[in-house]
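# Descriptive analysis of the structure
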Amino acid sequence: MKRYVYINDDEASRQQLYCDNRISNRKYTVLNFLPKNLWEQFSRFMNQYFLLIACLQLWSLITPVNPASTWGPLIFIFAVSATKEAWDDYNRYLSDKKANEKEVWVVRQGIKKHIQAQDIHVGNMVWLRENDEVPCDLVLIGTSDPQGLCYIETSALDGETDLKTRVIPSACMGIDFELLHKIKGLVECPNPDKDIRRFDANLRLFPPFLDNDVCPLTIKNTILQSCYLRNTEWACGVAVYTGNETKLGMSRGIPEPKLTAVDAMIDKLTGAIFVFQIVVVMVLGIAGNVWKDTEARKQWYVQYPDEGPWYELLVIPLRFELLCSIMIPISIKVSLDLVKSLYAKFIDWDNEMIDQETGIPSHATNTAISEDLGQVEYILTDKTGTLTENRMIFRRCCISGIFYGNESGDALKDVELLNAIASSSTHVIHFLTIMAICNTVVPIKSKSGAISYKAQSQDEDALVNAAARLHMVYANKNGNILEIRFHGSIIQYEILETLEFTSDRKRMSVVVKDCQNGKILLLSKGADEAILPCASAGQQTRTFVEAVEQYAQLGLRTLCLAWRELKEDEYREWSFMFKEASSTLVDREWRIAEVCQRLEHDLEVLGVTAIEDRLQDGVPETIETLRKAGINFWMLTGDKQNTAIQIALSCNFISPEPKGQLLLIDGKTEDEVCRSLERVLLTMRSTFSQPKDVAFVVDGWALEIALKHHWKAFTELAILSRTAICCRVTPSQKAQLVELLKSCDYRTLAIGDGGNDVRMIQQADIGVGISGREGLQAARAADYSIGKFRFLKRLILVHGRYSYNRTAFLSQYSFYKSLLICFIQIFFSFISGVSGTSLFNSVSLMAYNVFYTSIPVLVSVLDKDLSEETVMQHPQILFYCQAGRLLNPSTFAGWFGRSLFHAIVVFVISINAYAYEKSEMEELSMVALSGCIWLQAFVVALETNSFTILQHLAIWGNLIAFYIINWMFSALPSSGMYTIMFRLCRQPSYWITMLLIIAAGIGPILALKYFRYTYRPSKINILQQAERRGGPILSLGSIEPLQARTIEKDVSPLSITQPKNRNPVYEPLLSDSPNSTRRSFGSGTPFDFFQSQRLSSSYSRNCKDN
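Now for a look at the structure at hand. None of these values were measured; they are calculated from a predicted model.

### Points about the overall build of the chain
- A count of helical and extended segments in the chain gives 36 helices and 33 strands.
- Across the 1106 residues in the chain, those meeting the buried criterion constitute 54%.
- When the accessible surface of the chain is summed, it comes to about 47500 Å², and 56% of that surface belongs to carbon and sulfur atoms.

Structure below.
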């Protein structure tokens, strides 16, 4: 589909019915907010369930309590969610309003007018001044620069702060300023899309400007919405995409929500409780009907009619359904959302994660997945800019077989190279010329005359600056004319064509004309596999291959430089094909690449450059620490194999021989890759039980074949290997590898810094972007952004671990407090004729769920079982989170049993102390409720590891508030609780009852915790004891390698033809016995100290059959 934009033709634009430039990011309107928000909230199963319960309570025949006990919390929770949504949407509205009402200059009917940005239409001519924000997507028509250039800042699009050049189409060159507003023409372009790096269109200007000749347009002829015009007095362009149809507008949207492992477990536990509730309701419903038909009719005070309605059998079961509905806590969703938002703020507020060099703080974009950070098992990382600084330094080079910089480590100071330049060696001069002008760099001259460079690539910046230091200075660019200053003389080149770099071509070329002698030259630079095969048949390239290998062994980035002279006829014929390919609207990129291939052959390879990209500070220590925490690392990079291996060795990614072993997967055909993969798998299986750091290396070509034809075998390899190095991979392959690991049920974290990492970051369970020198694309697409790689250690070990621990406690405690009150209701039914009568009144039930038991637990977000220093010093304890030791069916069973035990304690003691003729039912209800409040206060206190003033206020202050609130209600004659609390508090028996409940309920739990802590302590308990003693943290130790081998011999062999069975880890909350398993087990001893003679022998994984 195409779009036809008529320039300066208001009538034709109106007939096209394109949208105006009004930006709208709002989710709601005033009219649809209530129905749409309610629809969204009721699309969740739990909300549907509570709505059904609330509606059933309106039926007075079956409801055991006032409907307000459910409607009140339900409305409150919905109101909180709706208010949050409304506030967020209102802020979006204000932002849209500010952008829509900006004043801009446009041409209407040949006259420049000042209008609001929202009134721009497709086809309007828009005028911009320096530092103006671009209001919509424009095709440049004219600029203040004589050569038709302008400079834009695209930080709002891709985060890159370096200025980019844009140029007017060749058809518009030379049009006078006074005639620009009279231009008529047609832009033929594709329908709106979100690709900010591509714009394949054509321009036709109507006479008298140009006689309908087709002029191809690219992204370099456009300035997109939200960019800023810089260093250019004015520019004008025609609007082609407006409003929400701009490339930026099409890129907006709400990302798919990510479901954390904790959320998935909570959903499963909720389902289990729901099934349990249905069973209880059915049993009690049947028992109630049986008792009613047998015993109840014998009682003089029960007056049942002889014949009831058809639905009579449903009344008691439905009454019990309403009574047991509180088994599923209504407030759990809001509570979890609230504390997760606080976890995200803790990351934002962490001063230790601020990059002191740039002042960039860490930021949590996604507030819902902090606990997943503590369960990461695989980290997939980019190399350049992520592990390295992305600050390129020219170090060495090889020109015509001569190596420069090998002795000094700096070619710029190599005397032999300087002498060759001084003597004007032909090959050296050509080599430096390619370094200087085969790029997209823009030289900028300051008022003092100093020249600086604006480069879109750090490699190009390093090459141009190195050439300048070697006296080949890129001095000026005036339109298509480049000026090179060499030893005081000026050399001019005219840029005829630029063959841009793509990830498929892996090279860039320029066609230039030497203005001194008129020769046409093709200058190329690129990866060795892209340049060396294009060398002329008679040239020996062995020296250059050796140079590439040598530099790669040193961890340097390499580029090959080549050139050839073109005949004018050859260039003219090729140029016609190139322009034809550039003007097509279908498969333009593929057509251009095919045409470029016809020119880039028979090259004379001049040499190889070697550029150093230093590791970031703290990278080796961070990787070593996280590997000790049991996290596996994969490096996914577009660099050469040897370069990636050397970087991996230097940053502790892999171990050198003999401790480590690298296995290579290579091949160009399916059979070669298959044999290589089988060989590596055989070695992996044989070394799996040995304490050896085994990693595999694969390049992009072999990886593509493996993923396409040998998915199962490669998946098994991924499971067996803790470390992988994937070289020459494309962005789509990075995303495929993330998906592969996720299909094996691993929790993955992807980290990168550039636009080529975005797909990988979005695919992973957790995406982390580094705010680096390649811009903010990765950081904006990620769930978390950090300034440097080293902050990943604190993000995972501190924030991730604390978030998981706190969420695990909060979610299970929420079920505990609801089950406690529900079990008491069930027990009461056995002494109330199984009639479904509620022991507690509606106000007490509502206050219990919303206020009495929620406030103390919300301050658990401040709890720390260990200090941050201890956690960072002993990263192995992350195992407890990775294995799901604190939240699984077994720990939940512990909380379930605790709620049942506490319900029995409260019910038995309360009944024996206050039931029957000893007191009123309201007094019994208040005694039981008081017992529940006291127990939950002590439970929270027992589970709290580090107390602050705020936590003491929340726990004990909440207990005091309970009595104050009930005293107030007891003072109201109409409350139904008149004088109840006054009478109880004056009775010594009431306080004795509370002491008995606390002693009977907390005593056994306290004794069990003391036994575990003293005689069977976990590694966390050991660290806690060391912290409390104030002495040094003792080494946790590790088992001998022999033991590890014995354990790992039990690992069932993985078959690539059969699915693997994964046994989940079940561990009670109070049982810290180390009888759980690590789900992936590699070489080394990161987990050794967790293993004991009771370690399970099942390490098999569940790999989904793809």
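Read on, since the account is not over.
### A few points about the packing of aromatic side chains
- Scanning all chains against the criterion turns up 37 aromatic pairs.
- Look at Phe879 and Tyr880: their rings are 5.8 Å apart centre to centre, the planes differ by 70 degrees, and that puts the pair in the edge-to-face class.
- Using a relative accessible area of 5% as the deciding quantity, one classes Tyr880 as buried.
- Each member of the aromatic cluster is reached from another via a ring pair, and the members are Tyr852, Phe962, Tyr963, Trp967, Tyr990 and Trp991.
- Sitting above the plane of the Tyr18 ring, Arg3 keeps its charged end 4.0 Å from the centroid.

### Regarding the environment of Ser408
- Along the chain, the position of Ser408 falls in the loop between strand S17 (402-404) and helix H10 (415-422).
- Distance from Ser408 to Arg396, taken between C-alpha atoms, is 9.4 Å for residues 12 residues apart in sequence.
- Reaching out from Ser408, the side chain makes a polar contact with the backbone oxygen of Asp410 at a distance of 3.0 Å.

### A closer look at the sheet that holds strand S7 (residues 164-167)
- Spatially, the 3 strands line up as an open sheet ordered S7-S6-S12, and their pairing is antiparallel. Looking at which strands have only one partner, the edges of the open sheet turn out to be S7 and strand S12 (228-230). Pairwise comparison of adjacent strand axes, ignoring direction, gives a mean angle of 45 degrees for this sheet.

### What to know about helix H34 (residues 988-1015)
- Helix length check: H34, at 28 residues, gives a terminal C-alpha distance of 39 Å against a target of 40 Å (1.5 Å per residue), a fit within 8%.
- In H34, a bend of some 35 degrees at Ile1002 exceeds every other bend along the element, and Pro1004, a proline, comes one to four places later.

### Some remarks on the pairing of strand S19 (residues 451-454)
- Relative to S19, strand S18 (residues 442-445) runs antiparallel, the two sharing 4 bridges. Each bridged residue has a counterpart across the sheet, and for Ile444 the counterpart in S19 is Ser452.
- Linking S18 back to S19 in an antiparallel pair, the connection comprises 5 residues, with Gly449 at a positive phi of about 95 degrees.

### Observations concerning helix H32 (residues 949-970)
- Between its first and last C-alpha, H32 extends 30 Å over 22 residues, near the 32 Å set by a 1.5 Å rise per residue.
- Along its length, H32 shows its largest kink, about 30 degrees, at Gly957.
- Every buried residue belonging to H32 is among Gln951, Ala954, Ile955, Asn958, Leu959, Phe962, Tyr963, Asn966 and Ser970, and all of these are buried.
- The inward-facing, buried residues of H32 abut helix H26 (842-852), helix H27 (855-858), helix H31 (921-943), helix H33 (980-985) and H34.

### Observations concerning the pairing of strand S26 (residues 604-615)
- The pairing of strand S16 (residues 388-399) with S26 spans 8 bridges and is classified as antiparallel. When the bridges of S26 are listed, Cys398 appears paired with Val608.
- As defined by bridge partners, strand S25 (residues 557-566) adjoins S26 across 7 bridges and the pair is classed as antiparallel. Looking at S26, one finds that Cys560 is bridged to Val608.

### A short note on the packing of helix H25 (residues 791-830) against H31
- H31 packs onto H25 with a crossing angle of 155 degrees between their chain directions and a minimal axis gap of 12 Å. With respect to their mutual orientation, H25 and H31 come out roughly antiparallel. Considering the relative orientation of H25 and H31, their crossing is right-handed. The segment H25 lies against H31, with Phe809, Tyr813, Tyr816, Leu820, Ile821, Ile824 and Phe828 engaging Met921, Leu924, Leu929, Cys932, Leu935, Gln936, Val939, Val940 and Glu943.

### Focus on the sheet that holds S26
- Reading across the sheet, the 9 strands line up as S17-S16-S26-S25-S24-S23-S22-S21-S20 and stay open at both edges, with antiparallel pairing between neighbours. Only two strands of the sheet have a single neighbouring strand rather than two, namely S17 and strand S20 (472-478). Each neighbouring strand pair of the sheet contributes to a mean axis angle of 30 degrees, computed without reference to strand direction.
- With respect to the sheet, helix H14 (residues 542-553) is in contact with S16, S17, S25 and S26, its orientation differing from that of S26 by roughly 0 degrees.

### Brief notes about a negative patch on the surface
- A cluster of acidic side chains, namely Asp666, Glu670, Asp671 and Glu672, defines a negative patch on the protein surface.
- By secondary structure assignment, the location of Glu670 is in helix H19 (residues 670-687).
- Judged by relative accessible area, which is 38%, Glu670 ranks as partly exposed.

### Digging into the pattern of salt bridges
- If you walk through the whole model with that rule in mind, you get 44 salt bridges.
- The partner of Glu570 in a salt bridge is Arg564, and the shortest N-O contact between them spans 2.7 Å.
- Its relative accessible area of 10% is what places Arg564 among the buried residues.
- One salt bridge connects Glu943 with Arg898, and the closest N-O pair in it is separated by 3.2 Å. Of this pair, Glu943 sits in helix H31 while Arg898 is found in helix H30 (residues 889-914), placing the two residues 45 residues apart along the sequence. Neither Glu943 nor Arg898 differs from the other in exposure class; each is buried.
- Beyond isolated ion pairs, a larger network of salt bridges with shared partners links Asp350, Glu352, Arg794, Lys864 and Glu868.

### Overview of a nonpolar patch on the surface
- A surface patch of nonpolar side chains, about 480 Å² in accessible area, is lined by Ile960, Ile964, Trp967, Met968 and Phe982.
- Assignment of secondary structure puts Phe982 in helix H33.
- Looking at Phe982, the relative accessible area reads 31%, which means it is partly exposed.

### Examining the layout of surface pockets
- Roughly 880 Å³ of internal volume is contained in the second largest pocket.
- If you go around the second largest pocket, you meet 37 residues; those closest to its centre are Leu942, Glu943, Asn945, Lys1009 and Gln1024.
- The set of elements that each furnish at least two residues to the lining of the second largest pocket consists of H25, H27, H31, H32, H34 and helix H35 (1019-1029).
- Sort the elements by how many residues they give to the lining of the second largest pocket and H25 lands first, with 6 residues.
- Of the residues contributing to the lining of the second largest pocket, the split by class is 19 nonpolar, 9 polar and 9 charged.

What counts as what
Residues numbered from 1 in each chain as written. Predicted model: local features only at pLDDT ≥ 70, side-chain atom pairs only at ≥ 80, totals over all residues. Heavy atoms only, no water. Helix = DSSP H or I, 4+ residues; strand = E, 2+ residues; numbered from the N terminus. Buried < 20%, exposed > 50% of the residue type's maximum accessible area, 1.4 Å probe, protein only. Areas by Shrake-Rupley, 256 points an atom, 1.4 Å probe, with all protein chains shown as cover. Phe/Tyr/Trp six-rings, centres within 6.5 Å; stacked < 30°, edge-to-face > 60°. Lys NZ or Arg CZ within 6 Å of the ring centre and 35° of its normal. Polar contact = N/O pair within 3.5 Å; in protein donor to acceptor, adjacent residues only side chain to side chain. Pairing = 2+ DSSP bridges. Axes fitted to C-alpha atoms, helices over the stretch in contact; angles between N-to-C directions. Expected span 1.5 Å × (residues − 1). Bend = angle between axes of the 7 residues up to and from the residue. Contact = heavy atoms within 4.5 Å. Parallel < 35°, antiparallel > 145°, perpendicular 65-115°, else oblique. Left-handed = near helix turned anticlockwise from the far one by under 90°. Patch = residues over 30% accessible without salt bridge, like charges linked within 9 Å, V, L, I, M, F, W, Y side chains within 5 Å. Salt bridge = Lys/Arg side-chain N within 4 Å of Asp/Glu carboxyl O. Lys, Arg positive; Asp, Glu negative; His and termini not counted. Charge placed at Lys NZ, Arg CZ, Asp CG, Glu CD. 1 Å grid on protein atoms, 1.4 Å probe; cavity = no way out; pocket = protein on both sides within 12 Å on 5 of 7 lines; lining within 4 Å. Points joined across faces, edges and corners; volume = space filled by probe spheres on them. Nonpolar A, V, L, I, M, F, W, Y, C, P; charged D, E, K, R; others polar.

In short, shape yes, function no, at least from these values alone.
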